[in-house]
Amino acid sequence: MLKKLTSAALAACFALPSLTMASDLDGLTPQQLLPLAQKEGSVTVFSLSSRIAKIEKAFEETYPGIDLIGLDMSSTKQIARVEAEQQAGVHAVDVLYIADTPVVFTKLLEGKRIVNYVPPRVANELEDRYKAPLLTQRLSTKVLMYNEKAFPDGSPVSNLWQLTQPEWQGRVLMVDPSQRGELLDLLTEIALHPDEMAAAYKAHFGKDIEVEGDLQGAGEQFIKDLFANDLILVPNSDVLNKSVGDVNAKSPPVGFGTYSDRRDNEKEGWALQIANNVEPANGILFPAVLTVADKAPHPAAARLLIDFMFGDDTPTGGAGFEPFNVPGDYATRKTIAHHPDSVKLDDLKAWTIDPAKTAAARGRIADLIITLQ
Amino acid sequence: MTSLSISAPSGSRLLRSGFLLPAILVAIVAILVVAPLLRILFTTLTPEGIAAWKAVLASPLSANLWWRPLLNTMILGFSVGAGCLLIGGFLAWLVVLTDVPGRRFLGLMASLPYMIPSFAAALAWGTLFRNSRLGGSAGFFETSGLAIPDWLAWGLIPTAIVLIAHYYSLAYTIIAAALSSVGADLVEAGQMAGAKRPRIFFGIILPVVTPALIAAASLTFAGAVANFAAPALLGLPVRMQTLSTRLFGMIETGQNERGFVLALLLIAVSALFLWLSDRIVSGRKAFITVTGKGGRTKRFPLGAWRWPLFAIAVIIGFLTTVLPVLVLAASSLAPQSGAVFSNWTLHFWIGEGGGEMAQGQAGIFRNPVLIDAIWNTIRLGLVVAFTTMLLGLGLAYTIVQRRGSLLATLLSQLAFLPLLVPSIAFAAAYIALFGAPIGPLPSLYGTFALLVIAASAHNLPFAVQSGRSVLGQISADIEESARLTGAGLIRRLFAIIFPLAIRGLFAGAILVFVKMVRDLSLVVLLFTATSPVLSMVAYRYAAEGFLQFANAITLVILVVCLAASFVAHSLQNRVQKWKAP
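Everything numeric in this text was worked out from a predicted model, so none of it was measured.

Within chain B one finds 25 helices and 0 strands. At 25 Å, chain B has a C-alpha radius of gyration in line with the 25 Å of a compact globule built from 581 residues. Across its three principal directions, the C-alpha atoms of chain B cover 85 × 65 × 50 Å. Within chain B, residue pairs in contact and separated by at least 24 positions form 76% of the contacts whose partners lie at least 6 positions apart.

Of regular secondary structure, chain A possesses 13 helices and 12 strands. Relative to its length of 373 residues, chain A is compact, with a C-alpha radius of gyration of 23 Å against a globular reference of 21 Å. Across the 373 residues of chain A, 51% fall into the buried class. Of the contacts formed within chain A by residues at least 6 apart in sequence, a portion of 76% connects residues at least 24 apart.

It is worth spelling out the domain arrangement of chain A at this point. Residues and elements named next belong to chain A. Assigned domains within chain A: domain 1 (28-138 + 286-338) and domain 2 (140-285 + 359-372). Between domain 1 and domain 2, the residue contacts involve 11 residues of the former and 14 residues of the latter. The set of elements that each furnish at least two residues to the side of domain 1 that touches domain 2 consists of α5 (101-109) and β10 (283-293). Sorting elements by how many residues they give to the side of domain 1 that touches domain 2 places α5 first, with 4 residues.

In this section: the packing of helix α9 (residues 156-179) of chain B against helix α20 (residues 448-471) of chain B. Residue and element names in this part refer to chain B. Put simply, α9 and α20 touch, their axes get as near as 9 Å, and they point 20 degrees apart. One finds that α9 runs roughly parallel with respect to α20. Where α9 crosses over α20, the two elements pack in a sense that is right-handed. Counted together, Ile174, Ala177 and Ala178 of α9 and Ser466, Ser469 and Val470 of α20 form the full contact between these two elements.

Before going further, it helps to spend a moment on the interface of chain A and chain B. Accessible area lost upon the coming together of the parts is a frequently used measure of interface size. Taken together, the 47 residues of chain A in the interface contact 45 residues of chain B. Here the side of chain A that touches chain B is composed, by residue class, of 21 nonpolar, 12 polar and 14 charged.

A separate point is unusual backbone geometry. For the bond from Ala132 of chain A to Pro133 of chain A, the omega torsion is 0 degrees, close enough to zero to count as cis. Assignment of secondary structure puts Pro133 of chain A in the loop between β4 (114-115) and β5 (136-147). Note that the residue after Glu279 of chain A, namely Pro280 of chain A, is joined by a cis bond; omega there is -10 degrees. Mapped onto the elements, Pro280 of chain A comes out in the loop between β9 (272-274) and β10. With a phi angle near 60 degrees, Arg239 of chain B is a residue other than glycine that sits in the positive phi range. In this fold, Arg239 of chain B is placed in the loop between α12 (229-235) and α13 (243-252).

Residue and element names in this part refer to chain A. Because side chains alternate across strand β3 (residues 95-98), one face comprises the buried residues Val95 and Tyr97, and the other comprises Leu96 and Ile98, equally buried. Bridging between strand β1 (residues 42-47) and β3 involves 3 bridges; their strand directions are parallel. Paired with Ser47 across the bridge in β3 is Tyr97. Two strands pair when backbone bridges link them, and β3 and β10 are joined in this way by 4 bridges, in the antiparallel orientation. Within β10, the position partnered with Val95 by the bridge is Val292.

We now examine the domain arrangement of chain B. All names here are of chain B. Each domain of chain B was delimited in the assignment, giving domain 1 (41-331) and domain 2 (368-581). Spacing between the C-alpha centres of domain 1 and domain 2 amounts to 20 Å. Put simply, the parts of the chain that give the side of domain 1 that touches domain 2 at least two residues each are α9, α11 (197-226), α13, α14 (256-283) and α15 (306-331). Here the element with the most residues in the side of domain 1 that touches domain 2 is α14; it accounts for 10 residues. Of the residues that constitute the side of domain 1 that touches domain 2, the class distribution is 29 nonpolar, 12 polar and 1 charged.

Inspection of the secondary structure assignment puts Val234 of chain A in strand β7 (residues 232-234). Overall, the presence of 23 C-beta atoms within 10 Å leaves Val234 of chain A in the buried class. Each C-alpha atom, one on Val234 of chain A and one on Pro177 of chain A, is 9.5 Å from the other, the two residues being 57 residues apart in sequence. Residues in contact with Val234 of chain A, not counting those within four places in the same chain, are Leu173, Val175, Val239 and Leu240 of chain A together with Leu134, Leu236 and Pro237 of chain B.

Residue and element names in this part refer to chain A. Look at helix α6 (residues 181-191) against helix α8 (residues 217-228): their axes get within 7 Å of each other, and the N-to-C directions meet at 135 degrees. If you check the angle between α6 and α8, you find them oblique. In contact with Leu187, Ile190 and Ala191 of α6, α8 contributes Gly217, Gly219, Glu220, Phe222 and Ile223. Its residues placed into classes, the contact of α6 with α8 shows 5 nonpolar, 2 polar and 1 charged.

Within chain A, residue pLDDT values average 91, and 94% of them lie at 70 or more. Overall, residues 12-20 of chain A carries pLDDT values under 50, and its contacts beyond four positions in sequence, including any with other chains, amount to 0 contacts.

Quick look at the nonpolar core now. In terms of nonpolar packing, the biggest core is built from 304 residues, with Leu305 of chain A together with Ile175, Ala216, Ala454 and Ile553 of chain B touching the most fellow members. Of all the elements, α9 of chain B adds the most residues to this core, at 17 residues. In this structure, Ala216 of chain B is in contact with Cys84, Leu85, Gly88, Leu170, Ala171, Ile174 and Ile175 of chain B, ignoring residues within four places of it in sequence.

Moving on, we come to α15 of chain B. Residue and element names in this part refer to chain B. Over its 26 residues, α15 extends 36 Å from the first C-alpha to the last, a length consistent with the 38 Å expected when each residue adds 1.5 Å. Roughly 40 degrees is the biggest bend found in α15, and it falls at Phe318. When α15 is considered as a whole, its buried residues turn out to be Ala313, Gly317, Thr320, Thr321, Pro324, Val327, Leu328 and Ser331. Buried positions along α15 lie against α4 (62-97), α5 (103-111), α6 (118-129), α9 and α25 (547-575).

Conventions used here
- Residues numbered from 1 in each chain as written.
- Chains lettered and ligands numbered in written order.
- Predicted model: local features only at pLDDT ≥ 70, side-chain atom pairs only at ≥ 80, totals over all residues.
- Helix = DSSP H or I, 4+ residues; strand = E, 2+ residues; numbered from the N terminus.
- Rg over C-alpha atoms; globule rule 2.2 N^0.38 Å.
- Contact = placed C-beta atoms within 7 Å.
- Buried ≥ 20, exposed ≤ 12 C-beta atoms within 10 Å, placed from the backbone.
- Domains from an automatic or database assignment.
- Axes fitted to C-alpha atoms, helices over the stretch in contact; angles between N-to-C directions.
- Parallel < 35°, antiparallel > 145°, perpendicular 65-115°, else oblique.
- Left-handed = near helix turned anticlockwise from the far one by under 90°.
- Nonpolar A, V, L, I, M, F, W, Y, C, P; charged D, E, K, R; others polar.
- Pairing = 2+ DSSP bridges.
- pLDDT = per-residue confidence, 0-100.
- Core = buried A, V, L, I, M, F, W, Y, C linked by C-beta atoms within 7 Å.
- Expected span 1.5 Å × (residues − 1).
- Bend = angle between axes of the 7 residues up to and from the residue.

Laid out in structure tokens, this is it:
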């Protein structure tokens, strides 16, 4: 009996400091995290990319004794699952690797279902906007793409407003923005830049834009005109790439797609190329973020994994980042070099979305799009 | 004293007359179906939810958010239901009741399309009919110089055709099960009384299988209104939205409340139609055909029509089965997903990794998790099919026994609804409801049991509908005599009901198995094991942009489904020995 009490008291002595530790963990180096993580034994991650399987192998080789359990799920499903689990008081997942940041921001961060963590090892190599409100690991794109075989002299579009003219009627493709968050974010971002859109209008048409009464700003007017010009909606990026990129097409359409899909050009018989010199911008850069779940069961291992996924100091980022280092996607960590064949991040004429601002404006644009269909 | 002696028998009569079973069933249905539905309803009663109701029903958005998608959805639902009854019914009649040549072959072909994912049929349609609206390479007809108008390439008409091509096999499966229990004695009695063939068909056969027709119509209707792939692939390019594409989009863009409101409204509308069809069935006299005497089936001679009808059936089978499978198979062999009929290679099946192909990924049969995934898939499919059928049998039995009563109507309505609840909402409700320990019961989070429970509830409609269409034909006399000789409920179920209804039950089990093996949403949200199921492996490949691998996995899934249906077939023949020719 006495023995039990003593051991209970002893356990409490050890347990108490470990309770306060979760927040202290944020300041530890990977070397300090490692023994704690090994004691925890495993780490569970929901990942938007199935390339987490490669991370699993590399992580377990680098840090033996920690079992990485990776489940690949779309961002929407991750959000649904985390919300439902935490409502039931279940805390089973440690790390989310997730996009769809405007929804993550409102549903998970504001709901305190996740906490932001920035690994001290790489903190100095990241711009501030990539460290808060959520830690951005890399940037993906939704930008205007054209067919470089059919248009060998470069992009046929140099101003977004061209897309609202008869020449491009029924020849602009987009994955339905009422079906996919990234495209909704793209249109929202256009609406959030009314002045640039108005200036681009004047540059193209030579006169000031007149915005209809029920619309707010030149961006919303553009969205309305784009839909009115028979914008073609498709269900997924695969259909879009085939339609825009087909090497045999004579007069192919243009479309808002993913820059990194260009890497499949040879394999698929596509001629996808980014239209970079577009006024005022050719699309958006949007973040994929790494974040720790609230009350994560393996807090040290979670932080160690996030640290690991920012790669090592080599230009490729090493085993921790390499699976995600594809041309057309951009690492936020400055030491990781961008692919030589793709446009440099600084030269890319795309707007980078701000999850908080997008989240606030998105509902209105979603409604606008519904009325335009 | 007197009061005691009165109450005692009435108490046991209460048990014997079967109040216990309905009570248990009501409780189970309440937990499995009503609770998650209520949870979804409650999330739409928050301030955001109320705003969503307003946006959907009374705002400038409602025309495009609700009314037009509703109209499209209903047109799709009814035309697909009608088309499936016609084609599925025709084939079932041909295979079960006539002497058409190659009946086994035709039957096999007719049961296949449901095992092929609906996107394959939509892709096959695109391969033939795609026009220049989207740019890219045109379909077969346009490249051969035939201009395809937009209405034939995109929108309601192609979507309806593709969905009929996908779902008619579901109708076939259910109607064929019911037709096979139309005894030869009935038909011969009609013939002896001098009835002509049309008279026999419309006077005897049709009325007898009406419950099966209603069941088939309800399930195909529900399948069509809930289908996402076909309307998305063929409808979006002309901005045709259905409730399912709207619903998916709302949840995908983080507007869950609106999505749930749409789902609830869709459920309400569908329930109304189901209730009406229920009225039609229960309003008429029920026909009892399985009497325990003679179970032979009478086959009509087709005479000169034997071969022409055979040809029609083969053409239907070719267009709806062979063509989509060919497209799938070809696209699992073609290195370029845009040109599926050139440069074929077996790399995506058996190729070694490390080369130039597919970014060094090896073929699916070299994927170490594949075998694991196949076993996991089969195990999950079997367990869910079994539990669903067990529950479905109990429900169908109660519904049939109490035909016309409030309880039966309520149970049949509730058992039908899960098909219309979006998987993602269903799964989330299950995690929230059963993730926490309830009283003495432990938390079910992350257990195989939770997945099985949720999947059973989700697939319940197949089991109940197919079960009741066959159970309704079994004569109460047989059960009555068993009861008189002292057989209990369980004994009666296993000695009488089960063998007689096995065809219908297995038909339902196959449908559940197929749905479970192909369905991803429910699995991915409730599964926590690291060794995946096949649909998750396919998703992984597709997410990486390797549709060839994904299509190869889809074909593996097809083979698994086919094998399961073969096993079911031989099992049911073994049980129903009297049916042997």
